[in-house]
Amino acid sequence: MKILQSTSIAAIITVATLYSCKPKNTGSAVSGDAAAKAYVAPGKYDEYYNFVSGGFSGQMSVYGLPSGRLLRVIPVFSVDPEKGWGYSEETKPMLNTSHGFVPWDDLHHTEMSQTNGEIDGKWVFANGNNTPRLARIDLKTFRTAEILELPNSAGNHSSPFGTENSEYIVAGTRFSVPSDEDNGDVAINSYKKNFKGHISFVSVAKETGEMKLAFQLKTPGVNFDLARAGKGKSHGWFFFSCYNTEQASTLLEVNASQKDKDFIMAVNWKKAEEYIKAGKGKKVKAKYAHNTFNESTQTANSKMEEEVLVLDVKEFKDIVYFIPCPKSPHGCDVDPTGEYIVGSGKLAALIPVFSFDKIQQSIASKSYDGDYEGIPVIKYESALYGEVKKPGLGPLHTEFDGKGNAYTSFFVSSEVVKWNIKDLKVLDRVPTYYSVGHLSIPGGNTKKPSPKYLVAYNKITKDRYLPTGPELAQSAQLYDISGDKMQLILDYPTIGEPHYAQSAPADIIRNNGQLKLFKLAENKHPYVTMGEANAKVTREGNKVHVYMTSIRSHFAPDNIEGIKVGDEVYFHVTNLEQDWDVPHGFAIKGADNAELLIMPGETTTLKWVPKKAGMFPMYCTDFCSALHQEMQGYIRVSPAGSNVPLTFSLGKAVPETK
Ligand code: RUQ
Ligand code: CUA
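Here is what the cut-offs are and how they apply
- Here the residue numbers are simple positions, counted from 1 along each chain's written sequence.
- By the order in which they are written, chains take letters starting at A while ligands take numbers starting at 1.
- Side-chain atom pairs in this predicted model are given and counted only at pLDDT of 80 or more, local residue features only at pLDDT of at least 70, and totals for whole chains, interfaces and linings cover all residues.
- To obtain the side-chain values, all non-hydrogen atoms of the structure were used and water was disregarded.
- Strands here are runs of E lasting at least two residues and helices are runs of H or I lasting at least four, both read from the DSSP assignment and numbered beginning at the N terminus.
- This radius of gyration counts C-alpha atoms alone. The globule rule is 2.2 Å times how many residues there are, raised to the power 0.38.
- Relative accessible area decides the class of each residue, using a 1.4 Å probe on protein chains only: under 20% of the type maximum gives buried, over 50% gives exposed, and in between gives partly exposed.
- Any two residues whose heavy atoms approach within 4.5 Å at even a single point are treated as in contact.
- Exposure was quantified through the Shrake-Rupley algorithm and a 1.4 Å probe, taking into account, for residues, occlusion by the shown protein chains and nothing else.
- Counted as positive: Lys and Arg. Counted as negative: Asp and Glu. His and the chain ends are not counted at all.
- The atoms used to mark charge sites are NZ of Lys, CZ of Arg, CG of Asp and CD of Glu.
- The reported arc concerns the directions from the helix axis to the C-beta atoms and nothing else.
- It suffices for a single heavy atom of a residue to lie within 4 Å of a molecule or strand for the residue to be listed as near it.
- For this classification, Asp, Glu, Lys and Arg are treated as charged, while Ala, Val, Leu, Ile, Met, Phe, Trp, Tyr, Cys and Pro are nonpolar and the rest, including Gly, are polar.
- Buried Ala, Val, Leu, Ile, Met, Phe, Trp, Tyr and Cys residues that are joined via side-chain atoms within 4.5 Å together make up what is termed a nonpolar core.
- Between 30 and 60 degrees the pair is tilted, below 30 it is stacked and above 60 it is edge-to-face, where a pair is any two Phe, Tyr or Trp rings, Trp via its six-membered ring, whose centres lie within 6.5 Å.
- By definition, two strands form a pair when at least two bridges between them are found by DSSP.
- To get an axis, a line is fitted to the C-alpha atoms, and for a helix only the part in contact is used. The angle between two axes follows their N-to-C directions and goes from 0 to 180 degrees.

**Q** Requested: an account of the overall build of the chain, with residues and values cited.
**A** Regarding its fold elements, the chain presents eight helices and 45 strands. Against the 2.2 N^0.38 benchmark of 26 Å for 658 residues, the chain shows a C-alpha radius of gyration of 27 Å, consistent with a compact globule. Expressed as lengths along the three principal axes of its C-alpha atoms, the size of the chain is roughly 90 × 60 × 45 Å. Counting the 658 residues in the chain, one finds 59% classified as buried. Pairs at least 24 residues apart make up 62% of the contacts formed inside the chain by residues separated by at least 6 positions. As displayed, the chain has an accessible area near 26000 Å², and 54% of this comes from carbon and sulfur atoms. Taken together, the 72 basic and 74 acidic charged side chains of the chain have centroids lying 2 Å from each other.

If you want it as structure tokens, here you go:
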């Protein structure tokens, strides 16, 4: 059983005896009409855009479905030398945090904005796990437009999950920690006393998408893992899976697996909102960065926020309820009707399905099993709709097809299991290659899924692809789910480690007013150069500003002399092109950052501090025209204190100075 090499011996034995699902039938991937179903002919578009988290690469990648073709990699919590993201002066502030410049994070989940419970194609949100942040990517530009840091949090994992009109994107802390304003310098084993959970409710402005940390709920210290908003009848509620209700701080694999049941936390956010509106929130000091990219000045701004409104859920009797859920639940998913809440206990041998109506009745009749740190615990049976028996091993995540079926991923038994939500019967199971994490059906978390394809994101691909040294490709597998039985139709490797992904019909995004270029006339960048005649080089002390333009196939100016060692040189390059897909690049020898990649109509700045005298060529890095190789120039750098005058030119030689 080569596939299970990475799992424990115990799990292998259990799998081998309970199931004979050993995926060896790799031939199924090419059987019948499978290949034709994933085939998109050259020159044809895919049906769906697929936005895939990049895990520890900090990026998001965009694929076409069903072809699995990689269309784009979007730097989010990362620097990207290909696009100059995080290297250009304009984009650096996007990665600012209360800890300074943090050019990396762990991006697990993508969440597309919704209107009336359907994907609207405007934005896709992403979480940064490590230095807790939320990002918003604008789908007109496929660029990160905003990053908001989250105070009082650590390990922003149950994030970013949104409500049916993107009223809020929520972010629950995975690690409970002492609040930022409290002194975190306490004994680790004072967890029970000092460690708290915080759930952030981030509002999203309807037109601009701008995020604002509206309020936080302060909760008992546990680990919040994943979450989903209610929808339809349960709109106004949020559901979070919690583990480590044991409140362990060491050897969690043992100590946080003690209890038979952890919790799903049900949050009445409409109520919380009422309390906030009534002025019940407590203003708490906190420092967190809010970074926005201004399209008009084409420059990011980082602002440090100073406080946050917090509701301590203990003080409000009707905001939060716990529902017991076996056993260290991971995924917590709500079906398209909003009635059924599926908890996936990583160590459970069944899948509990809770009923929203029954939860409401339990609250009305106070059908409680005591409390947990002052929060009522609803009786398991009174919230439960039913259990899916013996579905598989290690359930993680569930998506829905809108036809009454649920699809759950099983990490340990490496399979996707389709089951019926009403009668809780297993309908079909297919192997994955191997150890599947998330699943994604276009719209599979919304009120209206489009149930044609399901993608499984796998952690292990031993024997599936050509080997590439110690690290092998992570992968996605595409299944056709239009019929009764799931059919594997395509394997493709992915960027980073994919966790969650979402997809949208291509037309929604293609027709959302995609930006083809930045209008030069509207460029309000403080260092824009509107035409070659305005190109110049200025000096203020040791700061040199180069107002440079690029157009096929030259820079203006392309000869600069009089730069001195110790200068800070800012190349502000404006791309004068006004045509779709004609970027120019800019790079200079010895620069210790990346190139610039400047879109038509855009101004971007590279800071360069020459460390020695000499001749420094610069050139365009993007093959833009037949004479791209001619798109080059020279910068002369003289020793500090030299008398070489500052000159710049294009097309004529400057008189020789020694
Ligand atoms: S979580 S599998 Cu963030 Cu399941 Cu990735
Ligand atoms: Cu401009 Cu190559």
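There is more to say after this.
**Q** Help me get a handle on helix α5 (residues 269-277), residues and values and all.
**A** Each turn of an α-helix holds 3.6 residues, which means side chains three or four residues apart point in the same direction. Along α5, the residues that are buried comprise Trp 269, Ala 272, Glu 273, Tyr 275 and Ile 276. Buried residues of α5, viewed axially, fall in a sector of 160 degrees; they line one side. Check the buried side of α5 and you find it contacts β11 (168-172), β12 (196-204), β13 (211-220), β15 (237-243), β16 (261-268) and β18 (299-312). At the C-terminal side of α5, Gly 279 shows a positive phi close to 80 degrees.

**Q** Give me the site of ligand 1: which residues, what numbers.
**A** Residues in close proximity to ligand 1 include His 108, His 109, His 157, His 330, His 397, Gly 437, His 438, Lys 459 and His 499, which together make up its full environment. Considering only residue class, the shell around ligand 1 consists of no nonpolar, eight polar and one charged.

**Q** Account for the nonpolar core, with residues named and values stated.
**A** Buried together is how nonpolar side chains tend to be arranged in soluble globular proteins. Ranked by size, the top nonpolar core spans 32 residues in total, and within it Phe 201, Leu 217, Phe 238, Phe 240, Met 265, Val 267 and Ile 319 carry the most contacts. If we skip the residues at most four places from it in the chain, Phe 240 touches Ser 158, Val 170, Ile 199, Phe 224, Leu 226, Ala 227, Phe 263, Ile 264, Met 265, Val 267 and Cys 332. By size, the runner-up hydrophobic cluster in this structure holds 25 residues, among which are Tyr 49, Phe 293, Ala 300 and Ile 509.

**Q** Account for the packing of aromatic side chains, with residues named and values stated.
**A** Inspection of the entire model under this criterion finds 28 aromatic pairs. Between Phe 224 and Phe 240 the ring centres are 6.1 Å apart and the planes differ by 70 degrees, which places this aromatic pair in the edge-to-face class. Taken together, the residues Phe 224 in strand β14 (residues 223-229) and Phe 240 in strand β15 connect sequence positions 16 residues apart. Residues Phe 224 and Phe 240 agree in their burial class; the two are buried.

**Q** Go over the sheet that holds strand β26 (residues 395-400), please, and point to the residues and values.
**A** Read across the sheet, four strands follow the order β26-β27-β28-β29 without closing on themselves; strand pairing throughout is antiparallel. Sheet topology places β26 and β29 (426-431) at the edges, where each strand pairs with a single neighbour. Each neighbouring strand pair of the sheet contributes to a mean axis angle of 20 degrees, computed without reference to strand direction. Across six bridges, the pairing between strand β27 (residues 405-410) and strand β28 (residues 415-420) is antiparallel. Looking at the pairing, Thr 408 lines up with Val 417 of β28.

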